[in-house]
Amino acid sequence: MRLNLLLASVAAVAMAAPLTTAAQTSQAPAPQQNQPVEVEIDQGVLRPLQIAVVPFAGTHGSDISSVVSANLRRSGFFEPLNPASFIETDLILANAPNFPQWTQIGAQAVLYGGVTMRGDGRMDVGFRLYDPYRQCQLVSYQFTATQEQWRRIAHKISDVIYQRMTGEAGFFDSRVIFVSEEGSALNRINRLTIADQDGFNPTYLTQGDEVIMSPRFSLSQPDEITYVALGKDYSRIYLYNLTTGRRESLGEFDGQVLAPRFSNDGNKIAFSIIRGGNTDVYVMDLRSRQISRLTTDPGIDTSPSFSPDGSQIVFTSDRSGSARLYVMRSDGSGQRPISRGGGLYTAPSWSPTGNLIAFTKQGGGRFSTGVMNSDGSGERILSSSYFEEGPNWAPNGRYVMFARQTPGGDTRLWTVDLSGRVVSQAGYNGRGTDPAWSPLLDRGPSNLGLNQGADSCPN
């Protein structure tokens, strides 16, 4: 697969109410007809793009550029150059770079910016991205925000750069919800926790007096989540609003509930109930609160996940004697197996792009995170270790987050990209399981030049 970086158009980032945008206008020098820079992924070989991230000027400027640099590096598509190698160090937004001084150190792109404080305490954060070989501007943009929002502005800048250079939507302006763990194995406390996608700003949403399982976001309403809470004598599915803090139980069920998942339109939740030694998949319509039973097989049917269009559900079943992945229509009809390899398949998660299903696979004394096409073909293992489980997709469908444990060690959050080459521990430093990625916090049109400075690089 080849991603033509400098030929792709950037998405206009729709801003939330407290954040505003304005175009940075400039005239770029006449472009040169050099070949476009590319990142190439072919059979797991990745050549990251060498990008110079110049420290931004002004209040929080160096902090913003540091976060952008870390985001881009973690994506695997970029290799930020060491600032000590920079020849030109006094770049300001009013001027274009001295291109030969950047090509001399091998920079394939140059990012720089600055922060200007307003009288009301807010700040304007502007930036420019240049191709020094073709001597043209790739993108410029300006954000206006409060000082407390500097880290989020850095994530939004990262999204603009990522999309401009890869042609795919970014994923940095998003959050992750998971179950954090503290204490020993005999006295373990787990809490529902939310953090920025890079692990910063963690917030506990529960107090540790319940066992928390399977948190998931509503993709249509990113401030709504669902999860299972286990108490001494109950198991409940909750809806939780991140904005208001309101928690609502979906009612009492005859049996233990497991693995709730929203449909993409947010109108339904699929889940499993263990009842009378049997486990089946159910769906609740959140508008009417009516429940439908979708499976009746005597095996264990669990971990349902809707396709993006809501027409199908993938789930795990051991009805054949071992755990495999099955797909059915959203009304329960047409149940059929799709996994074809050996080993045990669990925890399926349908990609937001609709073409792939992620899963956990156990076999050969190891656990693996893999993906397959939605019809079960093209299975690929992306990561394998002593123990890992629970894959969940980034909003752009390029990365998967999962929980991994080392022998005798703690369980941490990890990510892997679809090439299987970019595998790294997620930013959260504590112990955690059951991660789920939010949609982008602002979702606007995917390919517009709105509120964006002139792009002078020719196709």
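Owing to the predicted nature of the structure, the values given are computational and were not obtained by experimental measurement.

J.: Any chance you could explain the pairing of strand β23 (residues 324-329) here in plain terms?
T.: Here is the key point about a regular strand: its side chains alternate between the two faces of the sheet. Here strand β22 (residues 312-317) pairs with β23 via six bridges, running antiparallel. Within β23, the position partnered with Q312 by the bridge is R329. Two successive antiparallel strands, β22 and β23, enclose a turn made up of six residues, where G321 displays a positive phi of approximately 115°. Counting the residues between successive antiparallel strands, the hairpin from β23 to strand β24 (residues 336-337) contains six residues, one of them, G332, with a positive phi of roughly 95°.

J.: For this particular structure, what's the right way to read the sheet that holds strand β21 (residues 301-306)?
T.: Each strand in a sheet pairs with its neighbour through backbone hydrogen bonds, running either in the same direction (parallel) or in the opposite one (antiparallel). Taken in spatial order, the four strands make up an open sheet running β21-β22-β23-β24, and their pairing is antiparallel. Of all the strands in the sheet, the pair left with one neighbour each is β21 and β24. Here β21 pairs with β22 via four bridges, running antiparallel. Bridge pairing links D301 to S317 in β22.

J.: Explain the packing of aromatic side chains to me, please; I cannot follow it from the model alone.
T.: Given two aromatic rings, one states the distance between the centres and the angle between the planes to describe the pair. Counted according to the given criterion, the structure contains 19 aromatic pairs. For the ring pair F99 and Y130, a centre distance of 5.8 Å and an interplane angle of 55° mean the geometry is tilted. Pair noted here: F99 is in helix α2 (residues 99-103) and Y130 is in strand β8 (residues 123-131), with a separation of 31 residues, a long-range link. One aromatic cluster is present, built from ring pairs that chain together F77, Y162, F171, F172, Y399 and W437. Taking NZ or CZ as reference, R236 lies 4.0 Å from the ring centre of Y234, over its face. Over the ring of Y238 we find R247; its NZ or CZ atom is 3.8 Å from the centre of that ring.

J.: What exactly am I supposed to notice about the nonpolar core here?
T.: Where a protein is soluble and globular, its nonpolar side chains tend to be buried together. Membership of the largest hydrophobic core comes to 44 residues, with the highest contact counts inside it found for I51, F127, I157 and I161. Those elements that place two or more of their residues in this core are β5 (49-53), α1 (61-75), β7 (109-117), β8, β9 (136-145), α3 (150-166), β10 (175-184) and β30 (399-405). It is α3 that provides the largest number of residues to this core, a total of eight residues. Non-local contacts of I51, meaning those with residues more than four positions away in its chain, are made with L72, F78, E79, P80, L81, A109, L111, L129 and I161. Grouped together as the second largest cluster of nonpolar side chains are 14 residues, L230, V257, I273 and L286 included.

J.: What is the right way to look at the confidence of the model for the protein in this model?
T.: Do not read the fine detail of predicted coordinates wherever pLDDT is low. Of all residues in the protein, 86% attain a pLDDT of 70 or more, and the chain-wide mean is 87. Summarising per-element confidence for the protein, the mean pLDDT is lowest in strand β1 (residues 2-4) (34) and highest in β23 (98). In this model, residues 1-44 is a region of pLDDT below 50 whose contacts with residues beyond four sequence positions or in other chains number 138 contacts. Contacts of residues 444-452 to residues separated by more than four positions or lying in other chains number 22 contacts, the stretch itself having pLDDT below 50.

What counts as what
Residues numbered from 1 in each chain as written. Predicted model: local features only at pLDDT ≥ 70, side-chain atom pairs only at ≥ 80, totals over all residues. Heavy atoms only, no water. Pairing = 2+ DSSP bridges. Helix = DSSP H or I, 4+ residues; strand = E, 2+ residues; numbered from the N terminus. Phe/Tyr/Trp six-rings, centres within 6.5 Å; stacked < 30°, edge-to-face > 60°. Lys NZ or Arg CZ within 6 Å of the ring centre and 35° of its normal. Core = buried A, V, L, I, M, F, W, Y, C linked by side-chain atoms within 4.5 Å. Buried < 20%, exposed > 50% of the residue type's maximum accessible area, 1.4 Å probe, protein only. Contact = heavy atoms within 4.5 Å. pLDDT = per-residue confidence, 0-100.

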